[in-house]
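Structure assessment
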Amino acid sequence: MTTESTQADTREIVVSTRLSRGIIAGVRIGLALLWIQNAGWKVPPDFGQGAQPTGLYQFTSYAVEYPVFPPFSWLVEHLILPNFAFFGWMVLLAEASLGAFLLVGLATRFWALVGLAQTMAITLSVLNAPHEWHWSYLLMFMANATVFATAAGRYAGLDGLLRPHWQSSTTPISRLLVRAS
């Protein structure tokens, strides 16, 4: 048995049963709903920036008030908070997109990487804040990493339906979508 066929057999074991594929799809959909719910409390146009800070502004300011990583705290204090309206819209767009794309299973590997980056930003903002449960951020990391590692959109997602077409195409966009799926 060649190394290549052994690797193919090993990869196949992970998703060889209907139950395995269902669990992978369930994790992806659950993670999508988490990101959608997360986007739901980012309220434009001020995102909680007011006389009594709330919401996204309050949680972002925790990066300065309860620093986790001083260079990140400096970035938040000197770049993000002074330009908070733009930042708020970008966070809302990123988290809503994360939820939407993961829900339908399109470009899931790419969006899982975005989820890992967003989870890192959230973790660096609130990990040391009072009443935060540290494990929630580790679980978010693990869920996004699992979606990436298993290419979860290939199971009950658009990646699974469209990937064969992308693989047979030679266009640059198709090649990019194969990698993102």
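Residues numbered from 1 in each chain as written. Predicted model: local features only at pLDDT ≥ 70, side-chain atom pairs only at ≥ 80, totals over all residues. Heavy atoms only, no water.

Quick notes on the overall build of the protein chain
A tally of helices and strands in the protein chain yields nine helices and zero strands. The helix and strand sequence of the protein chain, counted from the amino end, reads α-α-α-α-α-α-α-α-α. Judged by the C-alpha coordinates and their principal axes, the protein chain covers about 65 × 35 × 25 Å. Per-residue burial for the protein chain yields a buried fraction of 37% across its 181 residues. (Helix = DSSP H or I, 4+ residues; strand = E, 2+ residues; numbered from the N terminus. Buried < 20%, exposed > 50% of the residue type's maximum accessible area, 1.4 Å probe, protein only.)

Points about helix 2 (residues 18–40)
The terminal C-alpha atoms of helix 2 lie 33 Å apart, and with 23 residues this matches the ideal 33 Å at 1.5 Å per residue to within 8%. What helix 2 keeps buried is the set Ile 24, Ala 25, Arg 28, Leu 31, Ala 32, Trp 35, Asn 38 and Ala 39. In the core, the buried residues of helix 2 are packed alongside helix 5 (84–104), helix 6 (108–126) and helix 7 (134–150). (Expected span 1.5 Å × (residues − 1). Contact = heavy atoms within 4.5 Å.)

Let's talk about the environment of Tyr 137
Along the chain, the position of Tyr 137 falls in helix 7. Relative accessible area serves as the criterion here: at 7%, Tyr 137 is assigned to the buried category. Those residues in contact with Tyr 137 that sit more than four places away from it in its chain are Thr 119, Ile 122, Thr 123, Val 126, Leu 127 and Glu 132.

Let's talk about the packing of aromatic side chains
According to the stated counting rule, one finds eight aromatic pairs in the structure shown. Aromatic side chains Phe 47 and Trp 89 sit 5.4 Å apart centroid to centroid with 85 degrees between the ring planes, which places their arrangement in the edge-to-face category. With Phe 47 in the loop between helix 2 and helix 3 (55–65) and Trp 89 in helix 5, the pair connects residues that are 42 residues apart, well separated along the chain. Overall, Phe 47 belongs to the buried group, its relative accessible area being 1%. Among the residues examined, Trp 89 registers a relative accessible area of 42% and is labelled partly exposed. Linked through ring pairs, Trp 41, Phe 59, Tyr 62 and Tyr 66 together constitute an aromatic cluster. Its end group placed over the ring of Phe 148, Arg 109 keeps NZ or CZ at 5.2 Å from the ring centre. (Phe/Tyr/Trp six-rings, centres within 6.5 Å; stacked < 30°, edge-to-face > 60°. Lys NZ or Arg CZ within 6 Å of the ring centre and 35° of its normal.)

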